[in-house]
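# Summary of the model geometry
Listed here are the chains, written in short residue letters.
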Amino acid sequence: MLIGIVGLSGCINSNNTNKTVVKNNSTIQLAPVDSPIFSNQYVSFKKPTDLTIIDDSNSSQLNIKIKSEDKLIVEINSVTNDTKFVNSLIAQSNNTTVANKTAYEFSDPTAIQLYIPVSKSNGKTTVIRIYVSPDYLPDYNLIKDSFVIIRAPPH
């Protein structure tokens, strides 16, 4: 009985989608909670419906693009930079937790960027970066909230 109650908790309506209220008190519609899972050798996450995933990842780099028709919506890639540079970015961000790791989020009117540090070596830090237009906040939240790191991309 308890499992049924937990399974029915949350803000699920009859269309099997979540809704959330953002800072300006407007309601946005989130992607369906039963979205299919995308997975490759590095990451997995719930796939926003009606979007196309192009996975150009290889043995040395994470590189995923998510499109709506011809429009690029989300980019997920691995980036290796000087640790001092990464630390300077982190100092200007909002901390959050993604995939059980401390992540750093930036947003402005043109983009939302999320950096998840995954490894450090020889003065370099490798991060997984998620970049999205603020117009696609529901898709970003679905990906971010379901994001799993299977293994860190090499640097």
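Residues numbered from 1 in each chain as written. Predicted model: local features only at pLDDT ≥ 70, side-chain atom pairs only at ≥ 80, totals over all residues. Heavy atoms only, no water.

## A word on the overall build of the protein
Stated formally: Every helix listed is a DSSP run of H or I at least four residues long, and every strand listed is a run of E at least two residues long, numbered separately from the N terminus. Burial status follows relative accessibility: with a 1.4 Å probe on protein chains alone, a residue under 20% of its type maximum counts as buried, one over 50% as exposed, and anything between as partly exposed. In what follows, residue pairs with any heavy atoms lying within 4.5 Å of each other are defined as contacts.
Each helix and strand in the protein was counted, giving 3 helices and 12 strands. Expressed as a percentage of the 155 residues in the protein, the buried residues total 39%. Long-range contacts, defined here as pairs at least 24 residues apart, represent 42% of the contacts in the protein between residues at least 6 apart.

## So, the nonpolar core
Convention followed: Take the buried residues of types Ala, Val, Leu, Ile, Met, Phe, Trp, Tyr and Cys, join any two whose side-chain atoms come within 4.5 Å, and each joined set is a nonpolar core.
By size, the foremost hydrophobic cluster in this structure holds 26 residues, and its most contacted members are Phe45, Ile64, Ile66, Ile76, Ile116, Ile128 and Phe147. Where this core is concerned, the elements lending two or more residues are strand E4 (43-46), strand E6 (63-68), strand E7 (71-82), strand E10 (111-121), strand E11 (124-132) and helix H3 (137-146). For this core, the element with the most residues is E10, which contributes 4 residues. Other than its neighbours up to four places away in sequence, Ile76 contacts Phe45, Leu62, Asn63, Ile64, Ile66, Ile128, Arg129, Ile130, Ile143 and Phe147.

## Structural notes on the pattern of salt bridges
Quick note on the threshold: Note on definitions: salt bridges are taken to be side-chain nitrogens of Lys or Arg within 4 Å of carboxyl oxygens of Asp or Glu.
Under the definition given, this model contains 1 salt bridge. Linking Lys144 and Glu105 is a salt bridge whose minimum nitrogen-to-oxygen distance equals 3.3 Å. Placement of Lys144 in helix H3 and of Glu105 in strand E9 (residues 101-108) is noted, with a sequence separation of 39 residues between them.

## Quick word on the side chain of Ser78
Defined as follows: Polar contacts here mean pairs of N or O atoms no more than 3.5 Å apart (in protein, one a potential hydrogen donor and the other a potential acceptor; neighbouring residues in sequence count only if both atoms are side-chain atoms).
Considering the arrangement of structural elements, one finds Ser78 in strand E7. Using a relative accessible area of 6% as the deciding quantity, one classes Ser78 as buried. Engagement of the side chain of Ser78 in a polar contact is seen with the backbone nitrogen of Leu62, the distance being 3.0 Å. Dropping the residues within four chain positions of it, Ser78 is found in contact with Gln61, Leu62, Val127, Ile128 and Pro153.

## Observations regarding the pairing of E10
The condition is simple: Whether two strands pair depends on DSSP finding at least two bridges between them.
One ladder, built from 5 bridges, connects E9 with E10; its direction is antiparallel. Bridged to Glu105 within E10 is Leu114. Connecting E10 to the next strand, E11, in antiparallel fashion are 2 residues, including Asn122 with a positive phi near 50 degrees.

## Points about the confidence of the model for the protein
As a note on interpretation, predicted positions should not be read in detail where pLDDT is low. Put simply, the rule is: Values of pLDDT, ranging from 0 to 100, describe the predictor's confidence in every residue of the model.
Summarising the model, the protein shows a mean pLDDT of 81, and 77% of its residues fall at 70 or more. Highest mean pLDDT in the protein belongs to strand E12 (residues 148-149) (97); lowest belongs to helix H1 (residues 2-8) (32). Predicted confidence for residues 1-32 stays below pLDDT 50, and this span has 40 contacts to residues more than four positions away or in other chains.

## A look at the packing of aromatic side chains
Heads up, the rule is: Pairs were defined over the aromatic rings of Phe, Tyr and Trp, the Trp ring being its six-membered one, requiring ring centres within 6.5 Å. Orientation was assigned from the angle between planes: stacked under 30 degrees, edge-to-face over 60, tilted for the rest.
All chains considered together, the criterion is met by 3 aromatic pairs. Taking the centre distance of 6.1 Å and the plane angle of 15 degrees together, the rings of Phe45 and Phe147 count as stacked. Remark: Phe147 occurs in the loop between H3 and E12 and Phe45 occurs in strand E4; sequence separation between them is 102 residues. Classification of Phe45 by relative accessible area gives buried; the value is 0%. Judged by relative accessible area, Phe147 falls into the buried class, the value being 3%. Both rings, one in Phe106 and one in Tyr115, keep their centres 5.6 Å apart while their planes meet at 85 degrees; by these two values the pair is edge-to-face. Given the relative accessible area of 17%, Phe106 is considered buried. With relative accessibility at 14%, the residue Tyr115 sits in the buried group.

## Brief notes about the environment of Ser146
In this structure, Ser146 sits in helix H3. Sequence-wise, Ser146 and Val98 are 48 residues apart; in three dimensions their C-alpha atoms are separated by 8.4 Å. If we ignore the near neighbours within four places in the chain, the residues touching Ser146 are Ser44, Phe45 and Lys46. One polar contact links the side chain of Ser146 to the main-chain amide nitrogen of Lys46, over a distance of 2.7 Å.

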